[in-house]
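Letter by letter, the chains look like this.
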Amino acid sequence: MGAASSSINELPENEYLKKLSGREAISENDPFWNQLLSFSFNTPTNSAELKLLEEAAVSVCKSLVENNPRTGNLAALIKVFLSRTKELKISAECQNHLFIWQAHNALFIICCLLKVLISQMSEEELQLHFTCEDRTPGSYGVECEDLMEELLCCLIQLIVEIPLLDITYSISLEAVTTLVVFLSCQLFHKEILRESIAHKYLMHGPCLPYTSRLVKTLLYNFIRQERSPPPGTHVFQPEPDPDGGGLLYGIASGVATGLWTVFTLGGVGSKRTSQQEESSSLANQSLLLLLALANLTDAPDTPNPYRQAIMSFKNTQDSTVLPSPNPHAFQINFNSLYTTLCEQQNSDQATLLLYTLLHQNSNVRTYMLARTDMENLVLPILEILYHVEERNSHHVYMALIILLILTEDDGFNRSIHEVILKNITWYSERVLTEISLGSLLILVVIRTIQYNMTRTRDKYLHTNCLAALANMSAQFRSLHQYAAQRIISLFALLSKKHNKVLEQATGSLRSSLTSDDSPLPDYAQDLNVIEEVIRMMLEIINSCLTNSLHHNPNLVYALLYKRDLFEQFRTHPSFQDIMQNIDLVISFFSSRIEQAGSELSVERVLEIIKQGAVALPKDRLRKFPELKFKYVEEEQPEEFFIPYVWSLVYNSATGLYWNPQSIQLFTMDSG
């Protein structure tokens, strides 16, 4: 930033930036570019640092926006970057720090400027900045479009072809980030974009053949979770040759008088925060880019190739050699992917990726359901639901839908009751020294329902929770006594709520007879909703009793202990049919316990129940249709998923800084 500049606050006065953004056109062959790109600093690693940088560069960007259509300096900078990336792969293999260093610096400046331009203007205006010549507005066209397409294609090639080393980590990260910036035009539109720069260039032309390689590389970036190399290892620091020179040192020292002196946001070699130590910026940005690409709407003339690639990739261990009808199919190591997904479920984006793969890629779904260590995946999902108060609603929905998709499989519903867990430390309501994964899943889902009943009152969440329980109900096995109690306790809560709404409706009707003025509250709708939920709970209990009565003595015990709860529903027209089996079970086991005498211990009662379960003729229980619910995506899923993905980009702590005043896609309190 010049010999006199050492602070980020002095960026607006930096002579090189002022020249770049000024009124003078700079040829791409001008020595100025060597001087501009010979700065050394720690790349900002989080949105807070980028906010400082962007605020300091406001005047520079304003000047560029004003002058660039005439000077074409941005296009010249892009051409300088493109020329330097042609030998980037060889530079990485030869450990050519200087070459990679300057290419990274060029891309960093391009990314910063692009972000400002995209946030302030339409795509048509943006394209006017991608030209090196002073033309009339009506003649802009081929060259401008070709340069933008060439830059996008170059970024993709850089991501998929440059090996990930300490010296290439920063430029790989910057390439991913710049692609996110290109896609970020969606942030500045209220409506979902169906035709954009991304559709025009990423789904057609020279970018298209790289689709599968890009998706595969982004997935592997996520899988590997490579941390940023220690500060300073990727910064070019010339060392004098003891013999008095050397080409590399000569080049570096030759531009030393024109260097931006080392400027940092924390100082070269500064300590990274614990958050930076724990997370991988490249993995996080790669995942966000992958999700943004996967959720692009289909182009008018072609389906989204990135979504097609995500839907069709296979396991590297898959020996079948059947040719895929999808041209973007590829193979990846499913074991590594599964392991990373299990480890990363604390983040929204990892949960969204898991949902996407389970819902859209049948190869991944089949593989995961066949795993013998499903607890490694299910436990983090349950923990998300358990801490519902601390999670945003979208994260909770994704976790819940993942459970619903998993419970569509009978094998999963059987196997979770065979996995025994010990000491679940995050479950605080009760000490669980030993419990099956299935019983824990039931506990957490019921807790989510109860939380929803008292707080959010979201019918969609209720429906999906009950659907997951219903899917599992026929396969309930050896339910933990606490899980059995919570099933009946939930029914008790619903029964109490039903009585309260019924009482309010009756009271309202009576008061209306004495007053003609006050309008009647619509209690009928509330009553209808609560009765639907009660019937669902009765069907879940009934499904367990008719399919696996002898496997669940604890549920029968809890049912008998709270038998009075069910009296009012025995003659209710909405529940009479489903109550028949429950009433029969209560009567049958109550009779056997009464015959055994009074003051029986819990152990003795359970023994009687186990004996009675064998003695009860199965044909006495009426058969009902099997409870099976399948997750069906909304008709226009992009209306939910695109704002969700971009809210994750916006809120990413390790990502870009976005000015909240310019965001149009979602309101900031919901984002």
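Residues numbered from 1 in each chain as written. Predicted model: local features only at pLDDT ≥ 70, side-chain atom pairs only at ≥ 80, totals over all residues. Heavy atoms only, no water.

**Student:** How should I be thinking about the overall build of the protein chain in this particular structure?
**Tutor:** Within the protein chain, the secondary structure is distributed over 31 helices and four strands. Within the protein chain, the fraction of its 671 residues that count as buried is 55%. Counting contacts in the protein chain only where the partners sit at least 6 residues apart, residues at least 24 apart contribute 76% of the total. With an accessible surface of roughly 30200 Å², the protein chain has 50% of that area assigned to carbon and sulfur atoms. (Helix = DSSP H or I, 4+ residues; strand = E, 2+ residues; numbered from the N terminus. Buried < 20%, exposed > 50% of the residue type's maximum accessible area, 1.4 Å probe, protein only. Contact = heavy atoms within 4.5 Å. Areas by Shrake-Rupley, 256 points an atom, 1.4 Å probe, with all protein chains shown as cover.)

**Student:** Before we go on, may I ask you to explain the environment of R563 in this structure?
**Tutor:** Within the secondary structure layout, R563 lies in the loop between α27 (553–561) and α28 (567–570). In contact with R563, other than residues within four places in its own chain, are I586 and S590. At a separation of 2.9 Å, a polar atom in the side chain of R563 contacts the main-chain carbonyl oxygen of L560. (Polar contact = N/O pair within 3.5 Å; in protein donor to acceptor, adjacent residues only side chain to side chain.)

**Student:** Honestly, unusual backbone geometry in this entry has me stumped. Any pointers?
**Tutor:** If a residue is not glycine, its phi is most likely negative; likewise, a peptide bond is most likely trans. Not every positive phi belongs to a glycine, and Q225 is a case in point at roughly 50°. By secondary structure assignment, the location of Q225 is in the loop between α12 (211–224) and α13 (247–254). A relative accessible area of 14% places Q225 in the buried class. Residue E599 is not a glycine yet carries a positive backbone phi of 50°. Within the secondary structure, E599 sits in the loop between α29 (576–595) and α30 (602–615). E599 gets classed as exposed once you look at its relative accessible area, which sits at 83%.

**Student:** Would you take a moment to explain the pattern of salt bridges for this structure?
**Tutor:** By the definition in use, this model includes 17 salt bridges. Linking R194 and E639 is a salt bridge whose minimum nitrogen-to-oxygen distance equals 3.5 Å. With R194 in the loop between α10 (169–183) and α11 (197–202) and E639 in helix α31 (residues 638–651), the pair connects residues that are 445 residues apart, well separated along the chain. In the salt-bridge network here, residues are joined through shared partners; they are R194, E638 and E639. (Salt bridge = Lys/Arg side-chain N within 4 Å of Asp/Glu carboxyl O.)

**Student:** Would you explain the layout of surface pockets in this entry?
**Tutor:** Rolled over the atoms, a probe as big as a water molecule pinpoints where empty space is left. Quantified by volume, the largest pocket comes out at close to 730 Å³. Surrounding the largest pocket, 23 residues form its lining, M453, H462, K497, V529 and I530 being those nearest its centre. Split by residue class, the lining of the largest pocket holds ten nonpolar, five polar and eight charged. (1 Å grid on protein atoms, 1.4 Å probe; cavity = no way out; pocket = protein on both sides within 12 Å on 5 of 7 lines; lining within 4 Å. Points joined across faces, edges and corners; volume = space filled by probe spheres on them. Nonpolar A, V, L, I, M, F, W, Y, C, P; charged D, E, K, R; others polar.)

**Student:** Help me understand the environment of Y386 in this model?
**Tutor:** Structurally, Y386 can be placed in helix α20 (residues 375–386). Residue class for Y386 comes out buried when judged on its relative accessible area of 3%. Between the alpha carbons of Y386 and V396 there is a distance of 9.4 Å; along the sequence they are ten residues apart.

**Student:** Whenever I open this one, the side chain of N295 confuses me. Can you help?
**Tutor:** Looking at the element boundaries, N295 is found in the loop between α15 (281–294) and α16 (305–312). A distance of 2.8 Å separates a polar side-chain atom of N295 from the backbone oxygen of L291.

**Student:** Before we go on, may I ask you to explain the packing of α15 against α16 in this structure?
**Tutor:** Their axes nearest at 7 Å, the elements α15 and α16 cross at an angle of 110°. Considering their axes alone, α15 and α16 lie roughly perpendicular with respect to each other. Judged by residue contacts, L290, L293 and A294 of α15 engage Y306, R307 and I310 from α16. For the contact of α15 with α16, the residue count by class is five nonpolar, no polar and one charged. (Axes fitted to C-alpha atoms, helices over the stretch in contact; angles between N-to-C directions. Parallel < 35°, antiparallel > 145°, perpendicular 65-115°, else oblique.)

**Student:** How do you make sense of α12 when you look at a structure like this?
**Tutor:** The α-helix advances 3.6 residues per turn, and as a result positions three or four apart in sequence lie on the same side. Between its first and last C-alpha, α12 extends 20 Å over 14 residues, near the 20 Å set by a 1.5 Å rise per residue. Buried residues dominate α12, accounting for eleven of its 14 residues. All of the buried residues in α12 are T211, S212, L214, V215, T217, L218, L219, Y220, N221, F222 and I223. (Expected span 1.5 Å × (residues − 1).)

**Student:** Would you mind showing me how to read α29 here?
**Tutor:** Compared with an ideal rise of 1.5 Å per residue, which puts 20 residues at 28 Å, α29 spans 28 Å between its outermost C-alpha atoms and is within 8% of the ideal. All buried positions along α29 are accounted for by I578, M579, N581, I582, D583, L584, V585, I586, F588, F589, S590 and I593. The secondary structure elements touched by the buried residues of α29 are α26 (523–548), α27, α28 and α30. Taken from the residues just after α29, G597 is the one with a positive phi, measuring 105°.

**Student:** Looking at this model, I keep getting lost on a positive patch on the surface. Mind explaining?
**Tutor:** Positive charge collects at one region of the surface, where R457, K496, K497 and K500 lie side by side. Examined against the element boundaries, R457 turns out to sit in the loop between α23 (437–454) and α24 (459–473). (Patch = residues over 30% accessible without salt bridge, like charges linked within 9 Å, V, L, I, M, F, W, Y side chains within 5 Å. Lys, Arg positive; Asp, Glu negative; His and termini not counted. Charge placed at Lys NZ, Arg CZ, Asp CG, Glu CD.)

**Student:** For this particular structure, what's the right way to read the confidence of the model for the protein chain?
**Tutor:** Interpretation of the predicted coordinates at a detailed level should be avoided for regions scoring low in pLDDT. When pLDDT is averaged along the protein chain, the result is 84, and 85% of the positions lie at 70 or above. Taken as a whole, residues 134–144 scores under 50 in pLDDT and shows 13 contacts with residues more than four places along the chain or in a different chain. Counting contacts from residues 235–277, a segment whose pLDDT is below 50, to residues more than four positions away or on other chains yields 76 contacts. (pLDDT = per-residue confidence, 0-100.)

**Student:** It is not clear to me how the packing of aromatic side chains should be interpreted in this structure. Could you clarify?
**Tutor:** The relation between two aromatic rings is expressed through the spacing of the ring centres and the mutual angle of the planes. According to the stated counting rule, one finds 20 aromatic pairs in the structure shown. Judged by centre distance (5.3 Å) and plane angle (85°), the ring pair of Y397 and Y460 falls under edge-to-face. Of this pair, Y397 sits in helix α21 (residues 393–406) while Y460 sits in helix α24; the two residues are 63 residues apart in sequence, bridging distant segments of the chain. Using a relative accessible area of 34% as the deciding quantity, one classes Y460 as partly exposed. Ring pairing ties together the aromatic residues F313, F330, F334, Y338 and Y367, which thus form one cluster. One cation-aromatic arrangement involves R447 over Y386; the distance from NZ or CZ to the ring centre is 4.0 Å. (Phe/Tyr/Trp six-rings, centres within 6.5 Å; stacked < 30°, edge-to-face > 60°. Lys NZ or Arg CZ within 6 Å of the ring centre and 35° of its normal.)

**Student:** Before we go on, may I ask you to explain the side chain of H572 in this structure?
**Tutor:** Relative to the assigned elements, H572 resides in the loop between α28 and α29. A polar atom in the side chain of H572 sits 3.0 Å from the backbone nitrogen of S574. Not counting residues within four places of it along the chain, the set of residues in contact with H572 comprises H498 and E531.

**Student:** How should I be thinking about the packing of α12 against α15 in this particular structure?
**Tutor:** Axis angle and axis distance: for two packed helices, these are the angle between their axes and the distance between the axes, and together they describe the pair. Running from N to C, α12 and α15 point in directions that differ by 140°, and their axes come no closer than 8 Å. Considering only the axes of α12 and α15, their crossing is left-handed. Facing α12, whose interface residues are L214, V215, L218, L219, N221 and F222, α15 presents L282, A283, S286, L287, L289, L290 and L293. Tallied by class, the residues present in the contact of α12 with α15 amount to eleven nonpolar, two polar and no charged. (Left-handed = near helix turned anticlockwise from the far one by under 90°.)

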